[in-house]
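The residues making up each chain are set out below.
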Amino acid sequence: MNPLFTYAKRATTATLLAGGLLTAAAQAADEPPMTLSGSKIAAQSGATIYQSICQACHQADAQGAQGAGFYPALAGNMKLAAADFPVYVVLNGQNGMPPLRGLLDDAQIAEVVNYVRSHFGNHYQDQVTAEQVAAKR
Amino acid sequence: MELTSGLTRRQVLGIIGKTAGVAAMYQAMTALGYAGESTEAATRFALHGAPKDTSILILGAGIAGMTAAYELKKAGYSVKILEYREKAGGRCWTLRGGDTFTELGGATQKCEFDPGLYFNPGPWRLPYNHYGILHYAKTFGVALEPFIQVNYNAYVHSNKAFGGKPVRYREVQADYQGYMAELLAKSINQGALDQEMTLQEREMVIASLKSWGALDDNYHYGKTISAAWRRGFEVNAGGGLMPPEAASQPLARRELIESAFWKRIITGQLVEFQSSIFQPVGGMDMIAQAFARQLPGTIRYNAKVTNIHQDERGVSVQYTDTVNGQALTEQADYLVCTIPASILAQIPMNVGAPMQAAIHSLPYGASSKVGLQFKRRFWEQDDFIYGGISYTDLPIRSISYPSTDYGHPGKGVLLGGYTWEGPNSYEFTAMTPAQRVQKAVEYGAQIHPQYKTEFDNGVAVGWHRVPWTQGCYGQWGDDEHLREQHYKNLCDIDGRIVLAGEHCSHIPAWQEGAVLSAQDAISRLHAKIVAQQ
Ligand SMILES: Cc1cc2nc3c(=O)[nH]c(=O)nc-3n(C[C@H](O)[C@H](O)[C@H](O)COP(=O)(O)OP(=O)(O)OC[C@H]3O[C@@H](n4cnc5c(N)ncnc54)[C@H](O)[C@@H]3O)c2cc1C
């Protein structure tokens, strides 16, 4: 990914927020639902699941982040080539990343893995199914 | 233990160490009162007799790192701390007006609270039985005040119960207790427990239930004056020609049970939340500041550790100055590392496979907190809630009112949301800070409509976005298997390196865990060093 492009995109978001220009309507359209009951995330589509959980650490643009440690980028990440790997990581966690098996059902994990593998500069065509996720639990 | 032979404790330890090894020596130290067998011993903790010119490097200036530094210095070691942040305390942290915080992802918040108002994004309360952390707070002269955990006049709320109208905690507690007493008394009277108890015992139990539940002479819980003394009156007793007191109508039993509101009355009964429970006056980081004052010139700030290496001669730690980008190295004889495992897992360090596996196996839990400033303390002025916690099943989970400055006429800051694990913790962390504040105001207004007109400004922290912890706490969880497999390997000394911190304790997500872990780690390290002399 072109670093200049990333920078420009971030700056735009920041400016919008700082200026309070983001209208309520625009926000509502983008916003994933908040969970109002139960132990599973309410969001159902790949994009909204990503925005509800993964984005907390991997960030909105999937570029990851750097502080005293780091969150890896999922954007353009070669390790996503085999769908089994992200399915395994989401179910079981990796280092500080908690296992998310309790927050997401099989269909949700399939949705979000398919989403990440086909966005953020990842272009993997094959899809993983809820049944395949269930087999890995 | 009495020592009658005239040998000093140190000499005794030296002999045991040389003849019987480190494990035996550690046991002896426990008996001699150096290391803690009971957590109360934390108040008497002291090490003595560091071998001359022995240096110990500490990584991280949180509560664990500073406990280690303070005690090792007193024992005579030469001590230095490397700390990533620009100040001491780690998770022991307070945000006040003028402070800024930049989270992972780059969003920067500037706290705009009025002078004197604050918000603790992390630790906020200190139970009386956390002997270690209270010991240091008292030793360093940190002023403490009561933290109101249980407030009978605070609310319990759910949109799925009582038409979404908040009810008072005292009503939930009194009514739940009353109905349970009634049910039990009835079933005893109907002979359901005749097999369990003798007649005499049954009579005693029924008498106790009548008193415990405020039941009437028919063992019924209802709209009576004695119940009103628990749950509150419809009309309070007054003076002069004011109307006489009147009993209030209890909540409907079935709805109360189905609401699950009774869950809320257990929290304050747990030993970690029982009275007395405290907070430092002015913010939790008063403890961090007090620790730092005990360690002048010891802490190297803005130091991001990037590599940890040990060999026969000592330890060598590479770090980057986060201000100017300079790469630097620090050497010492031994190392106490308190960097959270979430981050340590990403730093190369040559320790054995068991410790390495342990570090890589510990996930970090999720939590978020929102601090909101309002133009006036409406919770006191309109709702008569002074400190304490209201509970809700909305995504904000709870609202906590400041346990300080009661009756103050100016602005006030409350905790407008505190999520712990579960979907909402991730959802709040995934938002921008502005969205978190906006959501907390939106949901809180369902309990306190005053939010709509009185909201002033806010700050919000999602702990996985905190650059120096990447999470709230080491999540050993209920999976005993994880602890069984890795906990001892995480805590055991590996060559010249020992780990300490909240994650190396059986008290996760409490500062007490950090203190006790540090005391225990340095006791074992000291034993090893002395034994090798
Ligand atoms: C939301 C929340 C609520 C809590 N509530 C309470 C409570 O009410 N009462 C209570 O007692 N406890 C509470 N706790 C727990 C308490 O905050 C922790 O247990 C304790 O502060 C941990 O101390 P520590 O020294 O182990 O770790 P930390 O405080 O995290 O210290 C580790 C230090 O290492 C530094 N570091 C990290 N990476 C590097 C690096 N690469 N190089 C150099 N330095 C580095 C960090 O900056 C930090 O200063 C709460 C915690 C949270 C998050």
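Participant: Please give an account of the domain arrangement of chain B that cites residues and values.
Facilitator: Residue and element names in this part refer to chain B. Assigned domains within chain B: domain 1 (9–88 + 287–363 + 473–531), domain 2 (95–153 + 275–283 + 365–465) and domain 3 (168–259). Using C-alpha coordinates to define each centre, domain 1 is positioned 31 Å away from domain 2. On the domain 2 side, the residues contacting the 23 residues of domain 1 number 19 residues. With both chains or domains summed, domain 1 and domain 2 bury close to 1,900 Å², and 67% of this area falls on carbon and sulfur atoms. One can count zero salt bridges joining domain 1 with domain 2. Counting across the domain 1 and domain 2 interface gives nine residue pairs in polar contact (both at pLDDT 80 or more). Going through the elements one at a time, α3 (63–75), α10 (285–293) and α18 (511–531) are the ones with two or more residues in the side of domain 1 that touches domain 2. For the side of domain 1 that touches domain 2, a count of residues per class yields twelve nonpolar, eight polar and three charged.

Participant: Account for the interface of chain A and chain B, naming residues and giving values.
Facilitator: The interface is formed by 34 residues belonging to chain A together with 35 residues belonging to chain B. With both sides pooled, the region where chain A packs onto chain B buries about 2,800 Å², and carbon together with sulfur makes up 57% of that total. The largest contributions to the chain A side of the interface with chain B come from M34, A68 and N95 of chain A, which together make up 25% of the buried area. Along the contact surface separating chain A from chain B lie one salt bridge. Residues E31 of chain A and K439 of chain B are paired through a salt bridge, measuring 3.5 Å at the closest nitrogen-oxygen approach. Counting across the interface, chain A meets chain B through 16 residue pairs in polar contact (both at pLDDT 80 or more).

Participant: I'd like to hear about the packing of helix α3 (residues 46–58) of chain A against helix α5 (residues 106–117) of chain A, residue by residue, with values.
Facilitator: Residue and element names in this part refer to chain A. It is at 8 Å that the axes of α3 and α5 come closest, and there the two elements cross at 95 degrees. In terms of orientation, α3 and α5 fall into the roughly perpendicular class. Contact residues: α3 offers G46, A47, I49, Y50 and C54, while α5 offers Q108, E111, V112, Y115 and V116. Considering only residue class, the contact of α3 with α5 consists of seven nonpolar, two polar and one charged.

Participant: Which residues make up the packing of helix α4 (residues 131–139) of chain B against α18 of chain B, and what are the values?
Facilitator: Residue and element names in this part refer to chain B. Their axes nearest at 7 Å, the elements α4 and α18 cross at an angle of 90 degrees. By the criterion of interaxial angle, the relationship of α4 to α18 is roughly perpendicular. Along the contact surface, α4 presents Y131, G132, I133 and Y136, while α18 presents Q511, E512, V515 and Q519. A breakdown of the residues in the contact of α4 with α18 according to their chemical character gives four nonpolar, three polar and one charged.

Participant: How would you explain helix α4 (residues 84–92) of chain A if you had to name every residue and give the values?
Facilitator: Residues of α4 of chain A that are buried: P86, V87, V89, V90 and L91 of chain A. Check the buried side of α4 of chain A and you find it contacts α5 and α6 (130–136) of chain A.

Participant: Residues and numbers for the packing of aromatic side chains, please.
Facilitator: All names here are of chain B. Within this structure, the stated rule accounts for 31 aromatic pairs over all chains. Seen from their ring centres, W124 and F147 are 5.0 Å apart, and the 85 degrees between their planes marks the pair as edge-to-face. Linking W124 in the loop between β6 (118–119) and β7 (126–127) with F147 in the loop between β8 (144–146) and β9 (155–157), this pair joins segments that are 23 residues apart in sequence. Like W124, the residue F147 is buried in the burial classification. In this structure, R85 is placed above the aromatic ring of W468, and the distance from its NZ or CZ to the ring centre is 4.0 Å. Seen from the ring of Y334, R496 lies directly overhead, with NZ or CZ sitting 5.1 Å from the centre.

Participant: Please set out the site of the ligand residue by residue, giving values where relevant.
Facilitator: Contacts to the ligand come from 38 residues, most closely from E83, R91, R125, E502 and Q511 of chain B. Chains contributing residues near the ligand are chains A and B. A64 of chain B has a polar backbone atom sitting 2.9 Å from an oxygen atom of the ligand. Within the backbone of A509 of chain B, one N or O atom sits 3.1 Å away from a nitrogen atom of the ligand. Protein burial of the ligand: of its 1,000 Å² of free accessible surface, 99% is covered by the chains.

Participant: For the state of the cysteines, give the residues involved together with the corresponding values.
Facilitator: Residues and elements named next belong to chain B. Tallying each qualifying case throughout the model produces zero disulfides over all chains. Here C111 stays unpaired: no disulfide links it, and the sulfur of C92, its closest cysteine neighbor, is 17 Å away. You can see C504 has no disulfide; the closest cysteine sulfur is in C491, sitting 4.7 Å from it. Taking relative accessible area as the criterion, C504 reaches 5% and is therefore assigned buried.

Participant: Hey, could you go over the sheet that holds β7 of chain B for me, with residue numbers and the actual values?
Facilitator: Residues and elements named next belong to chain B. Strand order in this open sheet of three strands is β7-β11-β8, and the pairing throughout is antiparallel. At either margin of the open sheet sits one strand with a lone partner, and together these are β7 and β8. Strand direction decides the pairing type here: β8 and strand β11 (residues 277–280), joined by three bridges, are antiparallel. Residue L144 lies in a different strand from β11, and its bridge partner there is P280.

Participant: With reference to specific residues and values, describe helix α6 (residues 199–213) of chain B.
Facilitator: Residue and element names in this part refer to chain B. For α6, which comprises 15 residues, the first-to-last C-alpha distance of 21 Å matches the rise-based estimate of 21 Å (1.5 Å per residue) to within 8%. Structurally, α6 contributes buried residues whose contacts are with α5 (169–189) and α7 (225–231). Downstream of α6 by a residue or two, A214 has a phi angle that is positive, lying close to 60 degrees.

Participant: Any details on unusual backbone geometry? Residues and values, ideally.
Facilitator: The phi angle of most residues is negative, glycine excepted, and most peptide bonds adopt the trans form. With omega at -5 degrees, the peptide bond leading from S275 of chain B into S276 of chain B counts as cis. Residue position: S276 of chain B is located in the loop between α9 (264–267) and β11. Non-glycine residue A62 of chain A carries a positive phi angle of around 60 degrees. Note on placement: A62 of chain A falls in the loop between α3 and β1 (65–66). Under the relative-accessibility criterion, A62 of chain A is labelled buried at 0%.

Participant: Which residues make up empty space enclosed by the protein, and what values do they have?
Facilitator: A water-sized probe rolled over the atoms picks out the places where empty space is left. Residue and element names in this part refer to chain B. Enumeration over the complete set of coordinates arrives at three cavities of 30 Å³ or more. Put simply, the largest cavity is a space of about 280 Å³. Taken together, the elements giving at least two residues each to the lining of the largest cavity come down to β6, β17 (367–374), β19 (398–401) and β20 (412–420). Top element by residues in the lining of the largest cavity is β20. It accounts for three residues. Space inside the second largest cavity adds up to approximately 40 Å³. If you trace the second largest cavity, you find it lined by Q149, V150, N151, Y169, R264, T267, G268, I389 and Y391. Of all the secondary structure elements, the ones that give two or more residues to the lining of the second largest cavity are α9 and β18 (388–392). Considering only residue class, the lining of the second largest cavity consists of four nonpolar, four polar and one charged.

Each value, and the rule that gives it
- Residues numbered from 1 in each chain as written.
- Chains lettered and ligands numbered in written order.
- Predicted model: local features only at pLDDT ≥ 70, side-chain atom pairs only at ≥ 80, totals over all residues.
- Heavy atoms only, no water.
- Domains from an automatic or database assignment.
- Contact = heavy atoms within 4.5 Å.
- Buried area = accessible area lost by both parts, 1.4 Å probe.
- Salt bridge = Lys/Arg side-chain N within 4 Å of Asp/Glu carboxyl O.
- Polar contact = N/O pair within 3.5 Å; in protein donor to acceptor, adjacent residues only side chain to side chain.
- Helix = DSSP H or I, 4+ residues; strand = E, 2+ residues; numbered from the N terminus.
- Nonpolar A, V, L, I, M, F, W, Y, C, P; charged D, E, K, R; others polar.
- Axes fitted to C-alpha atoms, helices over the stretch in contact; angles between N-to-C directions.
- Parallel < 35°, antiparallel > 145°, perpendicular 65-115°, else oblique.
- Buried < 20%, exposed > 50% of the residue type's maximum accessible area, 1.4 Å probe, protein only.
- Phe/Tyr/Trp six-rings, centres within 6.5 Å; stacked < 30°, edge-to-face > 60°.
- Lys NZ or Arg CZ within 6 Å of the ring centre and 35° of its normal.
- Near = heavy atom within 4 Å.
- Areas by Shrake-Rupley, 256 points an atom, 1.4 Å probe, with all protein chains shown as cover.
- Disulfide = S-S within 2.5 Å.
- Pairing = 2+ DSSP bridges.
- Expected span 1.5 Å × (residues − 1).
- 1 Å grid on protein atoms, 1.4 Å probe; cavity = no way out; pocket = protein on both sides within 12 Å on 5 of 7 lines; lining within 4 Å.
- Points joined across faces, edges and corners; volume = space filled by probe spheres on them.

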